[in-house]
Amino acid sequence: MAASLALLALVTLFLGVTVVPRVFGAELRTIRSGSMEPAIGRGSLAVALPVSAGDIRAGDVIMFRQPGDPDRIITHRAADVLQEGESRTIQTRGDANTVLDPWSVAPANVIGRVQFHIPMVGVAIDKIRTREGFVLLMVIPALLLLLGELPLWRRFVPGVRRGHPSPASGDQPPARADRSAVADARGIATFPLLVFSTA
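One numbering rule holds for all chains: residues counted from 1, following each sequence as written. Side-chain atom pairs in this predicted model are given and counted only at pLDDT of 80 or more, local residue features only at pLDDT of at least 70, and totals for whole chains, interfaces and linings cover all residues. Hydrogens and water molecules were not included; the side-chain quantities draw on all heavy atoms of the structure.

For the protein, the count of helices and strands is six helices and seven strands. Secondary structure is summarised from DSSP: a helix means a run of H or I of at least four residues, a strand means a run of E of at least two, and numbering begins at the N terminus for each. Reading the protein from its N end, one meets helices and strands in the order α-α-β-β-β-β-β-β-β-α-α-α-α. Within the protein, buried positions represent 33% of all 199 residues. Note on contacts: a residue pair qualifies if any of its non-hydrogen atoms lie within 4.5 Å across the two residues. A fraction of 58% describes how many contacts in the protein between residues 6 or more apart in sequence connect residues 24 or more apart. Summary of the burial criterion: residues with accessible area below 20% of their type's maximum are buried, those above 50% are exposed, and those between are partly exposed, where the area comes from a 1.4 Å probe applied to protein chains only.

What follows is the structure in structure tokens.
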């Protein structure tokens, strides 16, 4: 029971920090460098929401695609917002860096403004998404499922239910409890499928 609750808590936490924010259009990224320390540490999970370019102010932490390398996502602080006529650009800098980034960020490259971050959760999520993490989340529920099936095996395998009254004694086997145990185990076992289908 304790193992089932622990697994359920882990999966619930995972879904809460990865799936629920995406429902509201949030972008989640693991911070893999120390450029934003001490405000945002390496391994943190940063959560950003879409923001209008006109709402970005100096001091905001923004998530953006690096100019010249759009596949790379950067999370830095807006050091200055420059307005020249209709053109608006953002100069950024990591808190741990002593100089500005060697680019100006156009509004089209901005993914969102960071609303909050969760220390070390990004590292945990990255590990769960590896092959080893996938195996771990599949093996444990499978074992729980097997344990949940034990009450049914005891009913049908001769000699397993030693010390219990036989059906001829008039006592009914605890079929309802058995079914409940199996249902609980099967429910736990389906959580990893949900996790990896939504991550």
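A few words on the pattern of salt bridges. Once their charged atoms are close, side chains differing in charge can pair, the charge on each being opposite to the other. Between Lys or Arg on one side and Asp or Glu on the other, a salt bridge is scored when a side-chain nitrogen of the former is within 4 Å of a carboxyl oxygen of the latter. For the structure shown, the criterion picks out three salt bridges. Put simply, Glu27 and Arg29 hold a salt bridge, and the shortest N to O gap is 3.1 Å.

A few words on the side chain of Thr75. For Thr75, the position within the fold is in strand β4 (residues 69-84). Looking at Thr75, the relative accessible area reads 9%, which means it is buried. Leave out the neighbours within four places in its chain, and Thr75 touches Ile31, Met36, Val61, Ile62, Met63 and Val114.

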